Amino acid sequence: MKNINLLSFLVLICITSCLDLKKEEKKVKKYVEEPHSFSKPNEAVVTHLNLDIDVDFDSKQIKGSATYNITNNEASEIILDTKFLEIHSVLADGKKVEFSFGDFNKQLGKALKIPITTNTKTVTVNYNTTSKTEALQWLSPQQTADKTDPFLFTQGQAILTRTWIPIQDSPQVRVTYNATVKVPSSLMAVMSAENPKTKTADGVYNFKMKQAISPYLIALSVGNIEYKAVSKRTGIYAEKSVLDKAHEEFSDMEKMVSAAENLYGDYDWEQFDVIVLPPSFPFGGMENPRLTFATPTVIAGDKSLTSLIAHELAHSWSGNLVTNATWDDFWLNEGFTVYFELRIMEALYGKDRANMLALIGRQDLEDELEGFKDAPNDTKLKLDLKGRNPDDGMNSIAYDKGYLFLRTLEETVGREKFDVFLKNYFKTHAFSTMTTEKFIAYLNTNLLEKNKIEFNTKEWIYKPGVPKNQAIITSDKFSSVEKILSEFIAKNKIEAVLTKDWTTQEWVHFVRNFPKEITVEQLTIIDNTFNLTNSTNSYIAMVWFEKAITHNYRGNNVDTTIEAFLTSVGRRWYVSTIFKAYKDSNKVTEGLAIYKKSRANYHSVTANTIDGMLGYEE
Ligand code: BES
Ligand code: ZN
């Protein structure tokens, strides 16, 4: 009897302590500190979003409701991020509740606090966007290619999704989503989800995104667009007058996807489409899952700028599958993606092309390091962006130093081992988020210790600048360009025949390496021989404009051409490079005169950057 009692006592203890253990486990913090979101996902987290919205081009507003499935870890409220949204009402499991706001923060917006109970399963927010929204750009027909209909696109990265959807806007929070989107019936809506291939009669579109993605990847475009398949799982959305050109330009899309799969494992998103947006799109490309958003400025007519497609495709692994946990870990997204991009380019077009791209990036990195010489902390891979706009950390360092780190690592351990490592890295961490520290631990265990290799990982990641053991990248093609350039500078003569087979990358390298002392006379000879002012290649034009401004070249009506470029193209990298040339050569007034006219055409992310650069205030 006694024994039995003792036994049942022990069993009881075990049961209660096991239960305690379960509770403990439930409380384990899964999400790391996130300085750019008010949400507290360890307490209550959104798992699925159901969006029901109307896209109103007259009032330039998105109106409707967002309903979330939530998991509540015993919290009494759930916190969403919002910025510049009007919230009309909030419901918990269909019943109206009293919501409240936190203080407004210029960068982060404000917390929307919604009371919940342990049993709450869904929360609904009725809202509309306002004219201050930063994610949306509403375009007039005049700003599109066909000039017949208005256009709308969103840009979520880094923390702008909260300006068009109330959401837990941290990359660590992954959601699946459904959406019902109503648009004018002459237009088609597409999202980072399963997409329509034709217009519907009533302008209502239903979307489903069954893979969980970070909120910065929720995206929408609405315009008079059509679809043209490149292969079964790849294709293009664009306005009518752009569609065929884009289709030609990106005809290697399927080959890129296959090459990527050969390198680092299956493409997990089923469809890989690209939408070519109007030229004010602020980025070269944005890796919205299943549907990359792209600038039309990469359509050069000779496929010479399509590494952008390889780049956005690579994000389907590095970024969308394995996602930076916070914006301090941004290099995990972009550094890996540049590395992967160049591997895809190498697989399709050979080492020469990949190395030219790598060297262009190497020079970008050098320029960026020089620009940050008074702020060395910003040249670390792992950043500390607390209290700052994450945009501050989104420069070449993450891309090009990140690339150089991985290339150096590849060369140290050997490509074969490195590829196995990367493939496993993506597979092991698919659909999850990654911190820099977790990556280092994984790297140590699975590559370095395993193969008994010493590597100065911490120096690369936590120290400013570039360590000594960097990979040395060379290109015979670029050496030859440099030789031709120095002969020209010495002799003031250049024969067009020498450059007749040059690719875009060689032209870019040529122009970017003009010596400081290059004269107006020499620039005139070059422009008279090659007509770079009127280059139809946006990249060559951009680097040429930069030099024209810096060195006071005014021939060939270049000023008019620069102004026309700046008023039609909103790609931030291009626009900021050109305005920076005005600024750095003491021509801010001239720059501002153009900016006052061009600013209205820019998306908020481009306008914000240039406002800051030129000291412009509305
Ligand atoms: N994800 C980025 C764009 C981005 C970065 C948006 C930071 C918002 C904040 C995209 O993949 C990218 O890197 N685009 C580059 C193209 C590229 C080939 C380097 C761009 O836009 O120029
Ligand atoms: Zn990228």
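This report concerns the structure included in the present document. For clarity, every value in this text was computed on a predicted model and none was experimentally measured.

About the cut-offs
- Residues numbered from 1 in each chain as written.
- Chains lettered and ligands numbered in written order.
- Predicted model: local features only at pLDDT ≥ 70, side-chain atom pairs only at ≥ 80, totals over all residues.
- Heavy atoms only, no water.
- Helix = DSSP H or I, 4+ residues; strand = E, 2+ residues; numbered from the N terminus.
- Rg over C-alpha atoms; globule rule 2.2 N^0.38 Å.
- Contact = heavy atoms within 4.5 Å.
- Areas by Shrake-Rupley, 256 points an atom, 1.4 Å probe, with all protein chains shown as cover.
- Lys, Arg positive; Asp, Glu negative; His and termini not counted.
- Charge placed at Lys NZ, Arg CZ, Asp CG, Glu CD.
- Near = heavy atom within 4 Å.
- Polar contact = N/O pair within 3.5 Å; in protein donor to acceptor, adjacent residues only side chain to side chain.
- Nonpolar A, V, L, I, M, F, W, Y, C, P; charged D, E, K, R; others polar.
- Domains from an automatic or database assignment.
- Donors = N, O, S within 2.8 Å, 3.2 Å for Na, K, Ca; no water.
- Tetrahedral: all angles 85-135°; square planar, octahedral: opposite > 155°, others 65-115°.
- Pairing = 2+ DSSP bridges.
- Axes fitted to C-alpha atoms, helices over the stretch in contact; angles between N-to-C directions.

## What about the overall build of the protein chain?
Then step 1. For the protein chain, the helix and strand inventory stands at 18 helices and 21 strands.
Then step 2. Relative to a compact globule of 618 residues, whose C-alpha radius of gyration would be 25 Å, the protein chain shows 26 Å and is just as compact.
Then step 3. Across the protein chain, every contact between residues at least 6 apart in sequence was considered, and the portion connecting residues at least 24 apart equals 71%.
Then step 4. Accessible surface computed for the protein chain: about 26300 Å², of which carbon and sulfur atoms make up 51%.
Then step 5. Taking the 72 positively charged and 80 negatively charged side chains of the protein chain as two groups, their mean positions are separated by 4 Å.

## Let's talk about the environment of valine 558
Then step 1. As for its position among the elements, valine 558 is in helix H15 (residues 558-568).
Then step 2. Here the alpha-carbon distance between valine 558 and leucine 532, two residues 26 residues apart in the chain, equals 9.5 Å.

## Focus: the site of ligand 1
Then step 1. Close to ligand 1 lie 16 residues, the nearest being Gln157, Gly284, Glu287, Glu312 and Tyr399.
Then step 2. Here a nitrogen atom of ligand 1 sits 2.7 Å away from a polar atom, N or O, in the side chain of glutamate 287.
Then step 3. The contact in question runs from an oxygen atom of ligand 1 to an N or O atom on the side chain of histidine 311, over 3.1 Å.
Then step 4. For ligand 1, whose accessible area on its own is 520 Å², the fraction buried by protein is 88%.
Then step 5. A total of three residues in the shell around ligand 1 trace back to one element, the largest contributor, which is helix H4 (residues 307-314).
Then step 6. Grouping the amino acids of the shell around ligand 1 by side-chain chemistry returns six nonpolar, six polar and four charged.
Then step 7. Shared between two domains, the shell around ligand 1 holds at least three residues of each, these being domain 3 (224-316) and domain 4 (321-462).

## Side note on the coordination of the zinc ion (ligand 2)
Then step 1. Every protein donor of the zinc ion (ligand 2) is accounted for by His311 (NE2), His315 (NE2), Glu334 (OE) and Glu334 (OE), and the metal-donor separations fall at 2.0 to 2.7 Å.
Then step 2. Coordination at the zinc ion (ligand 2) is irregular: its six donor atoms span angles of 52 to 159° at the metal.

## Here's the deal with unusual backbone geometry
Then step 1. Along the chain, glutamine 157 connects to alanine 158 via a cis peptide bond; the corresponding omega equals 5°.
Then step 2. The topology assignment puts alanine 158 in the loop between strand S10 (151-154) and strand S11 (175-182).
Then step 3. Positive phi outside glycine occurs at glutamate 270, with the angle close to 65°.
Then step 4. The phi dihedral of asparagine 492 falls on the positive side, at around 60°, and the residue is not glycine.

## A few points about the sheet that holds strand S8 (residues 122-129)
Then step 1. Judged by pairing direction, the sheet is mixed, and its seven strands sit side by side in the order S5-S4-S8-S2-S1-S11-S13 without closing on themselves. In this open sheet, the two edge strands, each paired with only one partner strand, are strand S5 (95-97) and strand S13 (204-213). On average, adjacent strands in this sheet sit at an angle of 20° to one another, irrespective of strand direction.
Then step 2. Where strand S4 (residues 85-92) lies against S8, seven bridges are found, and the strand directions are antiparallel. Its bridge partner lying in S8, serine 89 is registered against asparagine 126.

Limitation: the analysis is restricted to geometry and does not speak to function.
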